[in-house]
Amino acid sequence: MAVAKNNFGMMRRLRYTFHQLSPASSMLRTWYWPVIWGIVALMLLEGFLFNLPFWQTLNSSPKPAVIASLGSGLEKKDEHSAIVTDQQSAWLDIKSTDVIDYVYINPSVGDENVDQVKWTMSTKKAGDGGWYEATADAGYSTHVDDSRYLHVSGLSKQVRFNFKVNKGDIIPLSDITINPHVPFRIDIVRVFFEIIVLTVFLAIRPHSVLYTVPFSVRSLRSVLPVIYFALVGCIALIWFWYESGGLNAPGGLNRMTNGSYFDADQYAHMADALIHGHVYLDIPVDPGLAAMDNPYDAASRIALSQHSDLPILFDTAFKDGRYYSYFGVLPTVLLFVPYQLLTGHYLSASHAVIFLGIMAFLANILLCVQLGRVFGRRRTLSTGVVTLAIICSFLSSGVAHNIQVGLFYQIPQTSALLFVELAYACWIEAKLNSLNKIWLACGSFSAAMIIGCRPQFVLALLAAFPLFWNELIDLWNEGVRSRAGLLREIGTWASVLLPFICGFLPFGIYNYVRFGSLIDFGANYNLTGYDMTHHQLPLTLMLPLIFLYFFQPSNISTVFPFMGHTQSPMPLWIPMQPSYGGFFFFLAPFAFVLLFPRLWGKALKRCKLFGVCVAFLMYAVVVFAFDAHIVGYDLRYMLDFGWALGFALVLALFSIDTGRKGSFALDRQRGGLHLTEFNALSMTVLSIVCGFVILAIIMLYFKQFIGASIIHEIWWKTESWFLFI
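Reference entry: report on the structure contained in this document. A quick note: this is a predicted structure, and the numbers were derived from the prediction, not measured.

This part is about the packing of helix 19 (residues 542–551) against helix 22 (residues 610–631). Contact geometry of helix 19 with helix 22 gives a least axis separation of 11 Å together with a crossing angle of 115°. Taken as axis vectors, helix 19 and helix 22 run roughly perpendicular relative to one another. Read as a crossing pair, helix 19 and helix 22 show a hand that is right-handed. For the pair helix 19 and helix 22, the contacting residues are M542, L545, I546, Y549 and F550 in the first and F624, A625, A628 and H629 in the second. Considering only residue class, the contact of helix 19 with helix 22 consists of eight nonpolar, one polar and no charged.

Pasting the structure below:
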């Protein structure tokens, strides 16, 4: 009996020890039911919703359609194709004795040299005296078999395809099958996207186990979620880039519709110039351009470019008869020059964009972790809120939203973002280690690199003052009290200022050689769509621009890709690019938290980080006003300030994470301390934030299908997911 009791006691002690030594495995056990429900949701989405046409046509009776008539605007070229003679009468009718639920456009010889066919569909039921025309465009790609299945339904027995064509286009005349058996399809990309959305939801929902795990960089339970979402974010960026043709992005000089030339290899040409020992671009200048009294007058310059023998460049600086690049030179030195020296070829701007995008995302994660460590010195944070902060700051930055463009414009912005994140990450490490001079110097040198990328990002360095406010006061007091304290103060400031000055000097000299001034970066000499040297936007137009940048609702649609460009008319001409919605409606709807400082202000003040949050917000306001006043609207300018709003939001979320019913509770089954439940306010706010994060991810995914940059085959493949609609 005694032996049995001893064995039983030993087993209990071993089990308890196992739980103490394996917190990661205990967390996995806590995830058991959420993972099960996630798998069930995935099976329902794939097995039922997206494959609903399979179940609906399981017992159908396929038969060939009867071509009832061909529009007078189509002239048969042969048995398999027709040529458009009148686009207003280019249509084809089919009919059936059965109700037409689905149709399948069979491959044919006429598909040759045709990439896609588009139409609007009209239908007739038995007894209808006329056609009922749909308001949405439809069609298929000759290269994507899944897109050949079309959903009709509505008791229709006749269908008319009103082709969206131009005169002279070729239309395939393919055989059409009525009510085919739609195959059961599992799309790997769709499954991957569903897994991402489900795992994000399971990780950041307020009831997630991650919110009970205290955050520590030394804890496997904290590190694993960060690593997972780092991998997911990198894969997502690469996928967005690839889908938009990143591997085959255009290069060289490309003639625009107005006659000017766009230099897609401007960074490569800058690298070529530096390699050959000068700072101007080796591109011949048209004598007419050099002779103009005001070459920055867009209308006169464009008129000249219509008849010019030499390319007249667009979005390139021009001064004293030479072309220059006014974009930051540091990416040229770090990426384009080494690549060209090693390979003898130009580095594609698109490849630099994806590389810098991934690096900026990883630096974003690093800074979130560092901010969490600073906050955690006074109040314990959960792993869940750090994970949520990483996702929110990534989405707020706009990097993923611009990655598909693949042009050099975002290179200076993304590289500046990378260095500002590295600067603050190093400075925070110095703060956590009693103002370690090496980390201070590394942060300052990174801060100086911003000047060589995009100078306005330097304003973000002002947030360092509230970050180090207590340390600055202590240094001052020590310097006043003693000689040793004064020497320490001087040494600390030297470790901050000297690396910054040394980092700035090469860029200042580069500017001086080009334009005769250390701080003249050449933006005012830009040959763009308006005269930047004599441009002044009325301040009253800042009101609609505030709405457009921040509060413009997204244009949600009922058909794929379920989003469209927003309407943004202006009372006066200003530079405008297509809008997808404002920051608080499209990029970061979850950032509404920033509009309610009473939710997070007190906790940040207690943690001595309120000033940092306000500084980030002030930076965002100032840089927005600067950008919008000069260049109007463009989504890519959100790269300049969206990241700052994102990190202000990170601090706000950290504050909300402290709203709990208690501090700690001992949980032997989880193997140690865990955080208690949220109070009602924090639970409500985080629930809304979670919902908006999922919405933002979905909008980000479908945004890439708006416009012409997406690969056609991928567009049609994704469109076919929604055959059930």
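We are not done yet, so read on.
Below, the discussion takes up the pattern of salt bridges. One pass over the full model with this rule turns up 15 salt bridges. Here D128 makes a salt bridge to K125, at a shortest N to O gap of 3.4 Å. Relative accessible area serves as the criterion here: at 34%, K125 is assigned to the partly exposed category. Salt bridges sharing partners connect three or more residues here, namely D146, R185 and K717.

Within the secondary structure, N526 is located in the loop between helix 18 (483–515) and helix 19. A relative accessible area of 2% places N526 in the buried class. Separated by 3.1 Å, the side chains of N526 and Y326 make a polar contact. In this structure N526 touches Y296, D315, T316, A317, Y326 and M532, once residues within four positions along its chain are discounted.

Time to look at the sheet that holds strand 3 (residues 74–78). Strand order in this open sheet of three strands is 3-4-11, and the pairing throughout is antiparallel. A strand with exactly one partner marks an edge of an open sheet, and here the two such strands are strand 3 and strand 11 (170–172). Taken pair by pair, the neighbouring strands of this sheet meet at an average axis angle of 35°, ignoring direction. Of the pairings in the sheet, the one linking strand 3 to strand 4 (residues 81–84) comprises four bridges and is antiparallel in character. The partner of D78 across the bridge, within strand 4, is S81.

Here we come to a positive patch on the surface. A cluster of basic residues, R379, R598, K602, K605 and R606, forms a positive patch on the protein surface. Along the polypeptide, K605 turns up in helix 21 (residues 601–606).

A few words on the environment of I171. Structurally, I171 can be placed in strand 11. Overall, I171 belongs to the buried group, its relative accessible area being 3%.

The next point concerns the nonpolar core. By size, the foremost hydrophobic cluster in this structure holds 191 residues, and its most contacted members are Y323, Y549, F590, W643, F654, V689 and V693. With 16 residues, helix 11 (residues 349–375) is the largest single contributor of residues to this core. Those residues in contact with F654, other than ones at most four positions away along the chain, are C368, L371, G372, F375, L381, V385, V386 and A389. Formed by 25 residues, the second largest nonpolar core is a distinct cluster that contains L74, I100, W119 and L173.

Attention now goes to the pairing of strand 7 (residues 116–125). A regular strand places its side chains on the two faces of the sheet in alternate fashion. In terms of burial, strand 7 is largely enclosed, as seven of its ten residues are buried. Note: strand 7 against strand 8 (residues 132–141), seven bridges, orientation antiparallel. From the neighbouring strand, S122 faces strand 8, where its bridge partner is E133. Between strand 7 and strand 8, which follow one another and run antiparallel, lie six residues, and G127 among them has a positive phi close to 95°. Of the strand pairs in this sheet, strand 7 and strand 10 (residues 156–163) are connected by seven bridges, and their pairing is antiparallel. Each bridged residue has a counterpart across the sheet, and for W119 the counterpart in strand 10 is F163.

Once that is clear, we can look at the pairing of strand 4. Hairpin connection from strand 3 to strand 4: two residues lie between these consecutive antiparallel strands. Where strand 4 and strand 11 come together, three bridges link them in antiparallel fashion. Looking at the pairing, S81 lines up with P172 of strand 11.

Further remarks concern the packing of aromatic side chains. A complete count under the given rule lists 64 aromatic pairs for this structure. Measuring from ring centre to ring centre gives 5.9 Å for Y549 and F641, while their planes differ by 65°; the resulting arrangement is edge-to-face. With a gap of 92 residues between them, Y549 in helix 19 and F641 in helix 23 (residues 638–657) connect regions that are remote in the sequence. Overall, the relative accessible area of 0% leaves F641 in the buried class. Across the ring face of F610, the terminal group of K605 is positioned such that the distance to the ring centre comes to 4.9 Å. Sitting over the face of the ring of F678, R660 holds its NZ or CZ atom 4.1 Å from the ring centroid.

The next point concerns the packing of helix 12 (residues 383–397) against helix 24 (residues 680–703). The geometry of helix 12 relative to helix 24 is characterised by a closest axis approach of 11 Å and an angle of 45° between their N-to-C directions. The angle between helix 12 and helix 24 falls in the class oblique. Crossing hand, helix 12 versus helix 24: left-handed. For the pair helix 12 and helix 24, contact is made by L388, I391, C392 and L395 and by L686, V689, V693, A696, I697 and L700, respectively. The class makeup of the residues in the contact of helix 12 with helix 24 is ten nonpolar, no polar and no charged.

The next subject is a nonpolar patch on the surface. On the surface, L459, L462, F465, W493, L497, L498, I501, L505, I509, V513 and V622 cluster together into a nonpolar patch covering about 1,000 Å² of accessible area. Tracing the backbone through its elements, the reader meets L462 in the loop between helix 15 (437–449) and helix 16 (464–467).

What counts, and where the lines are drawn
Residues numbered from 1 in each chain as written. Predicted model: local features only at pLDDT ≥ 70, side-chain atom pairs only at ≥ 80, totals over all residues. Heavy atoms only, no water. Axes fitted to C-alpha atoms, helices over the stretch in contact; angles between N-to-C directions. Helix = DSSP H or I, 4+ residues; strand = E, 2+ residues; numbered from the N terminus. Parallel < 35°, antiparallel > 145°, perpendicular 65-115°, else oblique. Left-handed = near helix turned anticlockwise from the far one by under 90°. Contact = heavy atoms within 4.5 Å. Nonpolar A, V, L, I, M, F, W, Y, C, P; charged D, E, K, R; others polar. Salt bridge = Lys/Arg side-chain N within 4 Å of Asp/Glu carboxyl O. Buried < 20%, exposed > 50% of the residue type's maximum accessible area, 1.4 Å probe, protein only. Polar contact = N/O pair within 3.5 Å; in protein donor to acceptor, adjacent residues only side chain to side chain. Pairing = 2+ DSSP bridges. Patch = residues over 30% accessible without salt bridge, like charges linked within 9 Å, V, L, I, M, F, W, Y side chains within 5 Å. Areas by Shrake-Rupley, 256 points an atom, 1.4 Å probe, with all protein chains shown as cover. Lys, Arg positive; Asp, Glu negative; His and termini not counted. Charge placed at Lys NZ, Arg CZ, Asp CG, Glu CD. Core = buried A, V, L, I, M, F, W, Y, C linked by side-chain atoms within 4.5 Å. Phe/Tyr/Trp six-rings, centres within 6.5 Å; stacked < 30°, edge-to-face > 60°. Lys NZ or Arg CZ within 6 Å of the ring centre and 35° of its normal.

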